[in-house]
Amino acid sequence: MAKEVKAGKKFDYQLETVLKVKKIKEKKEQEKFAESQREYYLEKQKEKEIEDEKKAKAVELKGMMKGRIPNMEKIVQRREHLNLLKEHLDAQIEKVLEASRNLEKQRGKLLIAMKDRKIIDKDKEHKLDKYNEVMKQLDIKFMDEIATLRFKREKMNGDGRL
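Notes on the structure follow. Here the structure is a predicted model, which is why all the values come from computation and not from measurement.

1. Topic: the overall build of the chain
Right, on to step 1. When its secondary structure is counted, the chain shows two helices and zero strands.
Right, on to step 2. On C-alpha atoms alone, the chain measures out to a radius of gyration of 37 Å, which is more than a quarter above the 15 Å that the 2.2 N^0.38 rule sets for 162 residues.
Right, on to step 3. The buried share of the chain, reckoned over its 162 residues, is 16%.
Right, on to step 4. For the chain, the exposed surface amounts to about 13,400 Å²; the carbon and sulfur share of it is 56%.
Right, on to step 5. Both charge centroids of the chain, one from 44 positive and one from 33 negative side chains, sit 2 Å from each other.

So, in structure tokens, the structure goes:
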């Protein structure tokens, strides 16, 4: 079902529009992946900030308890604050895990889009190679015909017969 290639005609890939669509889809998936990556790193940064704050408050509480016996109400407040920070940290860890799952899902979509585009690219490459081979054969055939005609003409001019 392949079209016959005519001499002098430039290469025309029939699936060029499909290739353009695949490239556009791949670019959009790359953008979505980059956005997922930014979200993941943002959530990871928030987790680190909460964890650092929790550690600082824990050290502060230990410092309060080492010296003279402090006001118990302040200790209880600090302890409650630490518990609240732990809850925030746990919630943030869950957000990080969700962002990580989204990132991996988007990575999978990006890989599929890249594979789809590469398949079409490879097909185009193979078709171009076939086209170049056919053009080479046509050039050889043309050069053979020219040589044959020149030989016949020289033969006719030389002795008048074939």
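And the narrative resumes.
2. Quick word on the environment of M114
Right, on to step 1. With respect to the helices and strands, M114 occurs in helix α2 (residues 72-159).
Right, on to step 2. Taking relative accessible area as the criterion, M114 reaches 23% and is therefore assigned partly exposed.
Right, on to step 3. Residues M114 and H81, 33 residues apart in the sequence, show an inter-C-alpha distance of 48 Å.

3. What to know about the packing of aromatic side chains
Right, on to step 1. The tally for this structure, following the rule as stated, stands at three aromatic pairs.
Right, on to step 2. Aromatic rings pair up to connect F11, Y13 and Y131 into one cluster.

4. Here's the deal with a nonpolar patch on the surface
Right, on to step 1. A contiguous nonpolar surface patch, about 290 Å² in accessible area, is contributed by F142, M143 and I146.
Right, on to step 2. Within the fold, I146 resides in helix α2.
Right, on to step 3. Judged by relative accessible area, I146 falls into the partly exposed class, the value being 33%.

5. Side note on the side chain of R117
Right, on to step 1. Residue placement: R117 occurs in helix α2.
Right, on to step 2. On the basis of relative accessible area, R117 is assigned to the buried category, the value being 17%.
Right, on to step 3. Looking at R117, its side chain comes within polar contact range of the side chain of D121, at 2.5 Å.

6. Points about the pattern of salt bridges
Right, on to step 1. Applying the stated criterion to the full structure yields 14 salt bridges.
Right, on to step 2. With its nearest N and O atoms 2.9 Å apart, the salt bridge here joins R38 to E35. Of this pair, R38 and E35 are both found in helix α1 (residues 16-66), three residues apart, which corresponds to roughly one turn of the helix.
Right, on to step 3. In this structure, the salt-bridge partner of K48 is D52, at a minimum N-O distance of 3.2 Å. Separated by four residues within a single helix, K48 and D52 lie in helix α1, roughly one turn from each other.
Right, on to step 4. On the accessibility criterion, K48 (47% relative accessible area) is partly exposed.
Right, on to step 5. Shared partners join several salt bridges into a network, and the residues in it are E26, R117 and D121.

7. Topic: the nonpolar core
The nonpolar side chains of a soluble globular protein tend to be buried, and buried together.
Right, on to step 1. Grouped together as the largest cluster of nonpolar side chains are six residues: F33, Y40, V96, A99, L103 and L110.
Right, on to step 2. Looking at this core, the elements that each hand over two or more residues are α1 and α2.
Right, on to step 3. It is α2 that provides the largest number of residues to this core, a total of four residues.
Right, on to step 4. Apart from residues lying up to four places away in sequence, F33 is in contact with L103, Q106, R107 and L110.

8. Digging into the side chain of Q106
Right, on to step 1. Within the secondary structure, Q106 is located in helix α2.
Right, on to step 2. The exposure class of Q106 is buried, given its relative accessible area of 9%.
Right, on to step 3. There is a polar contact of 2.5 Å between the side chain of Q106 and the side chain of E29.

What counts and what doesn't
- Residues numbered from 1 in each chain as written.
- Predicted model: local features only at pLDDT ≥ 70, side-chain atom pairs only at ≥ 80, totals over all residues.
- Heavy atoms only, no water.
- Helix = DSSP H or I, 4+ residues; strand = E, 2+ residues; numbered from the N terminus.
- Rg over C-alpha atoms; globule rule 2.2 N^0.38 Å.
- Buried < 20%, exposed > 50% of the residue type's maximum accessible area, 1.4 Å probe, protein only.
- Areas by Shrake-Rupley, 256 points an atom, 1.4 Å probe, with all protein chains shown as cover.
- Lys, Arg positive; Asp, Glu negative; His and termini not counted.
- Charge placed at Lys NZ, Arg CZ, Asp CG, Glu CD.
- Phe/Tyr/Trp six-rings, centres within 6.5 Å; stacked < 30°, edge-to-face > 60°.
- Patch = residues over 30% accessible without salt bridge, like charges linked within 9 Å, V, L, I, M, F, W, Y side chains within 5 Å.
- Salt bridge = Lys/Arg side-chain N within 4 Å of Asp/Glu carboxyl O.
- Polar contact = N/O pair within 3.5 Å; in protein donor to acceptor, adjacent residues only side chain to side chain.
- Core = buried A, V, L, I, M, F, W, Y, C linked by side-chain atoms within 4.5 Å.
- Contact = heavy atoms within 4.5 Å.

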